[in-house]
Amino acid sequence: GHHVSSQRVRFQRRIRACRYDIDQFSPSFLSIFESLVPSEEEIAKQNQLLIALSRLITMEWPNSKLYLYGSCANSFGFSNSDIDLCLSIDNNEMSKVDIILKLADILQAGNLQNIQALTRARVPIVKLMDPDTGLSCDICVNNLLAVVNTKLLRDYAQIDRRLRQLAFIVKHWAKSRRVNETYQGTLSSYAYVIMCIHLLQLRRILPCLQEMEATCYVTVDDNHCAYFDQVDKLNNYGAHNKETISSLLWAFFHYWAYQHDYTKDVISIRTGRIISKHMKDWTRRVGNDRHLICIEDPFETSHDLGRVVDKFSIKILREEFERAANILQYDPNPSVTLFEPY
Ligand code: ATP
Ligand code: MG
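Note that the structure is predicted; figures quoted are calculated from it, not measured.

**Topic: the sheet that holds strand E1 (residues 65-69)**
What the 5 strands build is an open sheet, ordered E1-E2-E5-E4-E3; its pairing is mixed. Each of the sheet's edge strands pairs with one partner strand only, and the pair in question is E1 and strand E3 (113-118). When the angles between neighbouring strand axes are averaged without regard to direction, this sheet yields 20 degrees. Taken together, the 5 bridges between strand E4 (residues 125-129) and strand E5 (residues 136-141) define a ladder with antiparallel strand orientation. Bridge assignment links Leu128 to a residue of E5, and that residue is Cys137.

Structure, rendered in structure tokens:
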């Protein structure tokens, strides 16, 4: 009687609301992706700056080496983003802070501008602006794990082009909606890329490189980093899966809005699976780590990339995931509405 008919009304309403075929929006999402990709010219400028700074620094410290890391090297960087550099240096006489201060002096003498030594940050850095290229960058010291995870992300991006497309759009959404601000308790760009890799692993579009026979080994502090890095041999890996960028985008937000079990699950690209909070002993708050959304770092496995999230920001994040999932499902113009500024 009454129950059945009200259910039918709901059902009809749902059909009406779902009339949009999600795949028709792929071209507009792809053109947003294209508009965010840095140009060849910009990449050349970044390399020019890397070479110039390397020259300057190795004059003082001949055994040091400067690495690009972060978004300008992991292939998930937007155009006009800042450059992250890491100075690798073996120096037992100087503390990290001393190295940072000395580095600031070297850069000053080399005519770089807006130099600031941030020695009290969690990761101490020197900030600078290069007047020749107009680029700004941050230099950290001996943060080699970040150099290794940068390579892992870049290697994953080589396997299937949909990873780079998906992660760019997710990052663009996160920046537009102001949920890419770790100092406000939301997630880093690095965490969002890991979330995208995980989704594609579950859909067999990407393999799990750390579960394959290792061809690349690096030990950083106590972390043994090993994985299969001959990704040119895997370039057909996900071809059997024909999902388009817009359906993957929907799947991403639907997963984080409605499917992820926030009380029990940890996502892990190291294993290519969902593992349990219980197993990692991430079930309760320890110090400042609340483990309200759990994203395992691929190499530093005791590190939860969601640890910055608190009881207020988790609510904001989950509401934004739901908003995005609903837009992709019901909105007539999702490639506009999704990115409306918060
Ligand atoms: P954006 O385009 O937003 O600048 P990004 O890739 O540079 O993106 P960040 O979150 O600024 O992202 O991180 C820079 C790099 O630092 C990452 O690529 C990663 O190598 C490293 N990194 C960032 N956050 C963490 C973290 N919580 N744990 C380990 N490494 C991290
Ligand atoms: Mg960055």
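**Some words on the pairing of strand E6 (residues 216-220)**
Pairing of E6 with strand E7 (residues 223-227) involves 5 bridges; the strand directions are antiparallel. Looking across to E7, one finds that Thr219 is bridged to His224. The hairpin formed by E6 and E7 contains 2 residues between the paired strands, and Asp221 there has a positive phi angle of roughly 55 degrees.

**A short note on the packing of helix H6 (residues 144-159) against helix H8 (residues 189-202)**
The relative placement of two packed helices is expressed as an angle between their axes plus a distance between the axes. For the pair H6 and H8, the least separation of the axes is 11 Å and the interaxial angle reads 40 degrees. By the criterion of interaxial angle, the relationship of H6 to H8 is oblique. For the element pair H6 and H8, the recorded crossing hand is left-handed. On H8, the residues that touch Asn149, Leu153 and Tyr156 of H6 are Tyr190, Val193, Ile194, Ile197 and Gln201.

**Describing the site of ligand 1**
In the neighbourhood of ligand 1, 16 residues make up the surrounding shell, with Ser71, Asn149, Lys171, Lys175 and Ser189 lying closest. A distance of 2.8 Å separates an oxygen atom of ligand 1 from a polar side-chain atom of Lys171. The contact in question runs from a nitrogen atom of ligand 1 to an N or O atom on the side chain of His303, over 3.1 Å. Using a 2 Å cut-off from the grid points, one finds that ligand 1 occupies the largest pocket. Going through the elements one at a time, helix H4 (71-74), H6, helix H7 (161-176) and H8 are the ones with two or more residues in the shell around ligand 1. Of the residues forming the shell around ligand 1, the biggest block, 3 residues, is contributed by H6.

**Here's the deal with the UniProt feature "domain: Poly(A) RNA polymerase mitochondrial-like central palm" (unreviewed entry) in the chain**
Per the UniProt record, "domain: Poly(A) RNA polymerase mitochondrial-like central palm" (unreviewed entry) is found at residues 29-158. Counted over residues 29-158, helix gives 48% and strand 22%. Its end C-alpha atoms are 20 Å apart.

**With respect to the confidence of the model for the chain**
In low-pLDDT regions, the fine details of the predicted coordinates are not to be read closely. Taken over all residues, the pLDDT of the chain has a mean of 94, while the share at 70 or more is 94%. Of the regions scoring below 50 in pLDDT, residues 1-17 engages in 3 contacts with residues more than four places distant in sequence or in other chains. Interface confidence for the predicted complex, expressed as ipTM, amounts to 0.95; the pTM equals 0.93.

**Topic: the domain arrangement of the chain**
We note that the domain assignment places domain 1 (40-145) and domain 2 (160-337) within the chain. A separation of 28 Å is found between the C-alpha centroids of domain 1 and domain 2. With 8 residues of domain 1 at the interface, the matching set in domain 2 holds 14 residues. Its largest share of buried area at the contact with domain 2, domain 1 owes to Phe76, Phe78 and Leu145, together 76% of the area lost on that side. Across the domain 1-domain 2 interface, the total number found is 0 salt bridges.

**Here's the deal with the UniProt feature "domain: PAP-associated" (unreviewed entry) in the chain**
Here, the residues flagged by UniProt with the feature "domain: PAP-associated" (unreviewed entry) are residues 245-303. Helix makes up 32% of residues 245-303 and strand 17%, with an end-to-end C-alpha separation of 30 Å.

**Side note on the side chain of Lys171**
Considering the arrangement of structural elements, one finds Lys171 in helix H7. As a buried residue without a salt bridge, Lys171 has its nearest oppositely charged side chain in Asp84, at a separation of 8.5 Å. At a separation of 2.6 Å, a polar atom in the side chain of Lys171 contacts the main-chain carbonyl oxygen of Phe76. When residues no more than four places from it in sequence are discounted, the contact partners of Lys171 are Ser71, Phe76, Gly77, Phe78, Ser189 and Val193.

**Notes on the pattern of salt bridges**
With the rule as written, the count across this model stands at 13 salt bridges. Asp289 serves as the salt-bridge partner of Arg307, at 3.7 Å between the closest nitrogen and oxygen. Here the residue Arg307 occupies a position in the loop between strand E10 (294-295) and helix H11 (313-330), and Asp289 occupies one in the loop between helix H10 (277-280) and E10, the gap between them amounting to 18 residues. Residue class for Arg307 comes out partly exposed when judged on its relative accessible area of 28%. Within this structure, Lys151, Asp155 and Asp229 form a network of salt bridges that share partners.

**Concerning the environment of Ser81**
On the secondary structure map, Ser81 appears in the loop between H4 and strand E2 (83-88). On the basis of relative accessibility, which here comes to 21%, the residue Ser81 falls in the partly exposed class. It is 14 Å that separates the C-alpha atoms of Ser81 and Leu128, two residues lying 47 residues apart in sequence. Discounting chain neighbours no more than four positions away, the residues touching Ser81 are Glu42 and Ser71.

Calculation notes
- Residues numbered from 1 in each chain as written.
- Chains lettered and ligands numbered in written order.
- Predicted model: local features only at pLDDT ≥ 70, side-chain atom pairs only at ≥ 80, totals over all residues.
- Heavy atoms only, no water.
- Pairing = 2+ DSSP bridges.
- Helix = DSSP H or I, 4+ residues; strand = E, 2+ residues; numbered from the N terminus.
- Axes fitted to C-alpha atoms, helices over the stretch in contact; angles between N-to-C directions.
- Parallel < 35°, antiparallel > 145°, perpendicular 65-115°, else oblique.
- Left-handed = near helix turned anticlockwise from the far one by under 90°.
- Contact = heavy atoms within 4.5 Å.
- Near = heavy atom within 4 Å.
- Polar contact = N/O pair within 3.5 Å; in protein donor to acceptor, adjacent residues only side chain to side chain.
- 1 Å grid on protein atoms, 1.4 Å probe; cavity = no way out; pocket = protein on both sides within 12 Å on 5 of 7 lines; lining within 4 Å.
- Sits in = over half its atoms within 2 Å of the grid points.
- UniProt positions renumbered as here; feature names shortened; annotations may be inferred.
- pLDDT = per-residue confidence, 0-100.
- Domains from an automatic or database assignment.
- Buried area = accessible area lost by both parts, 1.4 Å probe.
- Salt bridge = Lys/Arg side-chain N within 4 Å of Asp/Glu carboxyl O.
- Buried < 20%, exposed > 50% of the residue type's maximum accessible area, 1.4 Å probe, protein only.
- Lys, Arg positive; Asp, Glu negative; His and termini not counted.

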